[in-house]
Amino acid sequence: MAFALVTWQVLVGGPLARHDEHLSRSLVDTVPRWLSELGADLGNLTVALPVLVCAMTYAILRGRRAQALCAGVTMALVPALVIPLKEWTARPGPLEPWAAGYYPSGHTATAMVAYFGAAFLVSNRLIPVAALLTALTGVGLILRGYHWPLDVLASLALCVPLLTWPVVAERYGRPSRS
């Protein structure tokens, strides 16, 4: 629901999207660039994916193959969902109005799925760490000017349903009791 509302506002240039653009302009470069870049980089595949792969390896070694497979499939769904949405919306970037394809944020989606997936595979006590890393990614992207705030919010809303896989994997990943 939230994703559909935000997407509609972005597509029609509604009041929420206009407020988003105004807010973004007031936030960009309010912290040193190296700091916002550091946060934004947490959503790069070269940073987030190895974290998930290590957690998947750990889960496999612990006999949790179904859970590891579900985490991997979920990560593979991120570009399958995000790229067509970027093409469809063709939203320009905050610092590059001539470019298109900024909505939703692929870096935010990557961070959320990788870090929460890793937390679910290793220990639920790591969920706050996953939330912090995802938040730092989104904030870094906004403060650096790589994404509008709604781009980040839309990615979060898009990925919440993807992260229901632990429930499914737990239910169907157990050996049958015969």
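Turning our eyes to something else, we now look at the pattern of salt bridges. What the rule picks out here adds up to five salt bridges. Linking Arg 91 and Asp 20 is a salt bridge whose minimum nitrogen-to-oxygen distance equals 2.8 Å. One end of the pair, Arg 91, is in the loop between α5 (65–89) and α6 (106–122); the other, Asp 20, is in helix α2 (residues 15–27), with 71 residues separating them in the sequence. For the pair Arg 91 and Asp 20, one class covers both residues: buried. Here Arg 33 ties to Asp 29 by a salt bridge, and the two come within 2.9 Å at their closest N and O atoms. Accessibility expressed as a relative area gives 43% for Arg 33, which makes it partly exposed. Owing to a relative accessible area of 36%, Asp 29 belongs among the partly exposed residues under this scheme.

Okay, the nonpolar core next. Leu 52, Val 78, Val 113, Leu 121 and Leu 163 are the most contacted members of the largest nonpolar core, which has 35 residues in total. Those elements that provide at least two residues to this core are α1 (2–12), α4 (45–61), α5, α6 and α8 (149–159). Residue contributions to this core peak at eleven residues, all from α6. The residues touching Leu 121, leaving out its near neighbours within four places in the chain, are Leu 52, Ala 55, Met 56, Tyr 58, Ala 59, Arg 64, Gln 67, Ala 68, Ala 71 and Trp 165.

Right, let's get into the packing of aromatic side chains. Applying the stated criterion across every chain, the model contains two aromatic pairs. Between Phe 116 and Phe 120, the aromatic rings sit 6.2 Å apart at their centres with planes inclined by 50 degrees, giving tilted as the arrangement. Highlighted residues: Phe 116 and Phe 120, both in helix α6, separated by four residues, approximately one helical turn. Here Phe 116 and Phe 120 have matching classes, each one buried.

Reading the values: the criteria
- Residues numbered from 1 in each chain as written.
- Predicted model: local features only at pLDDT ≥ 70, side-chain atom pairs only at ≥ 80, totals over all residues.
- Heavy atoms only, no water.
- Salt bridge = Lys/Arg side-chain N within 4 Å of Asp/Glu carboxyl O.
- Helix = DSSP H or I, 4+ residues; strand = E, 2+ residues; numbered from the N terminus.
- Buried < 20%, exposed > 50% of the residue type's maximum accessible area, 1.4 Å probe, protein only.
- Core = buried A, V, L, I, M, F, W, Y, C linked by side-chain atoms within 4.5 Å.
- Contact = heavy atoms within 4.5 Å.
- Phe/Tyr/Trp six-rings, centres within 6.5 Å; stacked < 30°, edge-to-face > 60°.

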